[in-house]
Amino acid sequence: MKRYYADRAGLNILRIIIFIVTVIATIMAYLYLSFISMFMWILMLVFFAICFFVAVIYLPLYFKSVNYYATDTKIIKHSGVFYKTNQVMRFDAIQYTTVVSTLFSKKTGFNFLILNAFGGRMILTFLRQRDLEEIMSEIQLYK
């Protein structure tokens, strides 16, 4: 049984994106809501509180909880922060696979594998390029 983890580079990229979106939302609130100063400051505080919660608390817990196991006949996904989910899919049940890789995916870790079966779907998120290729070769060898 081989164990795979989510790539931590994806965590850092997501943190940067969340921070940029928060700064843009704060600037927009400052520009367009300056005539209602109390509402503007409350809204900016809410933006930064959400940014802090997602980037510092939720995402690291999520990336720590995501595990994938590949055995000879099936793949297992464990994930979840507030509630845990376990998914199991046999290799013989997989009808087709979809690989989603973004630009610079070797550096960012934005590689996703979507396994589709009759009546179900399993999405393996933030895989390393090497791990993605290993899982795909295991699936192809089984077929």
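Let me begin by describing the structure that accompanies this report. All figures in this text were calculated on a predicted structure; none of them were measured in a lab.

1. Details of the packing of aromatic side chains
All chains considered together, the criterion is met by 7 aromatic pairs. Look at F110 and F112: their rings are 6.3 Å apart centre to centre, the planes differ by 70°, and that puts the pair in the edge-to-face class. By relative accessible area, F110 is classed as buried at 14%. A relative accessible area of 18% places F112 in the buried class. Between F112 and F126, the ring centres sit 5.2 Å apart and the planes meet at 65°, which makes this aromatic pair edge-to-face.

2. Quick notes on helix α4 (residues 129-142)
Along its 14 residues, α4 runs 20 Å from first to last C-alpha, staying within 8% of the 20 Å computed at 1.5 Å per residue. Those residues of α4 that sit buried are Q129, D131, L132, I135, M136 and I139. With its buried residues spanning 165° around the axis, α4 presents them on a single face. The elements touched by buried residues of α4 are β1 (2-5), β3 (74-79), β5 (94-101), α3 (105-108), β6 (111-117) and β7 (120-124).

3. Concerning the sheet that holds β1
Adjacent strands of a sheet form backbone hydrogen bonds with each other and so pair up, either parallel or antiparallel. Strand order in this open sheet of 4 strands is β1-β2-β3-β4, and the pairing throughout is antiparallel. Looking at which strands have only one partner, the edges of the open sheet turn out to be β1 and β4 (85-90). Neighbour to neighbour, the strand axes of the sheet diverge by 15° on average, direction disregarded. Pairing of β3 with β4 involves 6 bridges; the strand directions are antiparallel. Across the sheet, I76 pairs through a bridge with V88, a residue of β4. Together, β1 and β3 form the strand contacts of α4, whose direction differs from that of β1 by roughly 140°.

4. Section: the sheet that holds β7
With antiparallel pairing, the 3 strands of this open sheet are ordered in space as β5-β6-β7. Among the strands making up the open sheet, the edge pair consists of β5 and β7. Within the sheet, the average angular offset between the axes of one strand and its neighbour, ignoring direction, is 15°. Of the strand pairs in this sheet, β5 and β6 are connected by 7 bridges, and their pairing is antiparallel. The residue of β6 that forms the bridge with V99 is L113. Sheet strands in contact with α4 are β5, β6 and β7, and its direction is about 20° off that of β6.

5. Focus on helix α1 (residues 8-32)
Since one α-helical turn is 3.6 residues long, residues separated by three or four positions face the same way. Counted at 1.5 Å a residue, the expected span for α1 with its 25 residues is 36 Å, and the 36 Å between its end C-alpha atoms agrees. Those residues of α1 lying buried are A9, G10, L11, L14, T22, T26 and A29. Tucked inside the fold, the buried residues of α1 contact α2 (37-65) and α3.

6. Re the pattern of salt bridges
Tallying each qualifying case throughout the model produces 5 salt bridges. With a shortest N-O distance of 3.0 Å, R90 and D92 are connected by a salt bridge. Take D92: its relative accessible area is 41%, and that puts it in the partly exposed class. Between D131 and R128 there is a salt bridge whose closest N-O contact spans 3.5 Å. Residue class for D131 comes out buried when judged on its relative accessible area of 3%. What makes R128 partly exposed here is its relative accessible area of 30%. Connected via shared salt-bridge partners are K2, R128, R130, D131 and E134.

The rules behind each value
Residues numbered from 1 in each chain as written. Predicted model: local features only at pLDDT ≥ 70, side-chain atom pairs only at ≥ 80, totals over all residues. Heavy atoms only, no water. Phe/Tyr/Trp six-rings, centres within 6.5 Å; stacked < 30°, edge-to-face > 60°. Buried < 20%, exposed > 50% of the residue type's maximum accessible area, 1.4 Å probe, protein only. Helix = DSSP H or I, 4+ residues; strand = E, 2+ residues; numbered from the N terminus. Expected span 1.5 Å × (residues − 1). Arc of directions from axis to C-beta. Contact = heavy atoms within 4.5 Å. Pairing = 2+ DSSP bridges. Axes fitted to C-alpha atoms, helices over the stretch in contact; angles between N-to-C directions. Salt bridge = Lys/Arg side-chain N within 4 Å of Asp/Glu carboxyl O.

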